[in-house]
Amino acid sequence: MRDCFEHMFNYRLNDRSSKPIILLTNKVEDNAWLFFTLRIHLQESDMSEFTLHTKDTAPEASKALLDNSQAAFGMIPNLHAVMAEAPTLLEGYQVLHKLAQETSFNAEELTVVWQAVNVEHACHYCVPAHTGIAKSMKVSDDLIEQLRNDETLSDAKLNTLKNTVLAVTRGRGNVDKSTLNAFYEAGYEHKQLLEIILILAQKVMSNYTNHLADTPVDEPFKKFDWKPAKG
């Protein structure tokens, strides 16, 4: 009997166009198992998808934050819509995004740090989004494509920056002396090394959220669709 119920629930609940059928029997234990199984299946179904919040559906503490998103981007990015479920995450992300743009990095360098981490983390959402952002910042198409394709950058200083960002990311802050020496010899200082950590923290917030939520790419960035290069 239970095998029959389980097959029915798996079939019906995987078919989102249909509603589960509840069949009661004259056995109390079968009915109890039936409702328990239904509850678990429904919980799994309900928790598998993240909400893309609007101002109407967002928690009260996220409403003003979404106003900030709308003002900054002319829309509520889907990443922000997902983050709105946890107002502290959205607020933290917005603060770090603002601070990232206040670092000593110029537009090209900031793009290198952002995209080096995005590509390393294989973020399906952030690579297209930051492609669009880079273009709006007048970053050259050559640099944008080299970063998207995880290629050696033609500018030696920027390539050293990229290598250092990847070393910090992969080593969780443990970076060998040769990489650090190359970074300093390229003209960077302790300040820029610490600023990489700031931006990496921002990218962990966005990349990890997008992995968990499978955040859909925003319409303006779909033309910059990206997939990791095959090894």
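Refer to the preceding data block for the structure.
Residues numbered from 1 in each chain as written. Predicted model: local features only at pLDDT ≥ 70, side-chain atom pairs only at ≥ 80, totals over all residues. Heavy atoms only, no water.

Caption draft 1: Expanded view of the side chain of Asp 218. Topologically, Asp 218 is positioned in the segment after α11 (190-213). The buried charged residue Asp 218 lacks any salt bridge partner; its closest oppositely charged side chain belongs to Lys 222, at an N-O distance of 8.8 Å. (Helix = DSSP H or I, 4+ residues; strand = E, 2+ residues; numbered from the N terminus. Buried < 20%, exposed > 50% of the residue type's maximum accessible area, 1.4 Å probe, protein only. Lys, Arg positive; Asp, Glu negative; His and termini not counted. Salt bridge = Lys/Arg side-chain N within 4 Å of Asp/Glu carboxyl O.)

Caption draft 2: Structural view of the environment of Ala 58. Its location among the elements puts Ala 58 in the loop between α2 (28-47) and α3 (60-73). The class of Ala 58 is buried, set by a relative accessible area of 6%. Through-space distance from the C-alpha of Ala 58 to that of Pro 87 is 8.9 Å; in sequence the pair is 29 residues apart. Apart from residues no more than four positions distant in its own chain, Ala 58 is found in contact with His 53, Lys 63, Leu 66 and Ala 84. (Contact = heavy atoms within 4.5 Å.)

Caption draft 3: A look at the packing of aromatic side chains. Inspection of the entire model under this criterion finds three aromatic pairs. On the numbers, 6.5 Å between centres and 65° between planes, the contact of Phe 105 with Tyr 188 is edge-to-face. A residue pair is termed long-range when its members are at least 10 positions apart, and Phe 105 in the loop between α5 (87-100) and α6 (107-120) and Tyr 188 in the loop between α10 (177-185) and α11 qualify at 83 residues. Residue Phe 105 shares its accessibility class with Tyr 188, and that shared class is buried. Ring centres 4.8 Å apart and planes at 15° place the aromatic pair Phe 183 and Tyr 188 in the stacked group. The buried category is assigned to Phe 183, whose relative accessible area is 0%. One aromatic cluster is present, formed by Phe 105, Phe 183, Tyr 184 and Tyr 188 through successive ring pairs. In this arrangement the basic side chain of Lys 157 is found over the ring face of Tyr 188, its NZ or CZ atom lying 4.7 Å from the centre. (Phe/Tyr/Trp six-rings, centres within 6.5 Å; stacked < 30°, edge-to-face > 60°. Lys NZ or Arg CZ within 6 Å of the ring centre and 35° of its normal.)

By themselves, these observations are geometric and do not establish any function.
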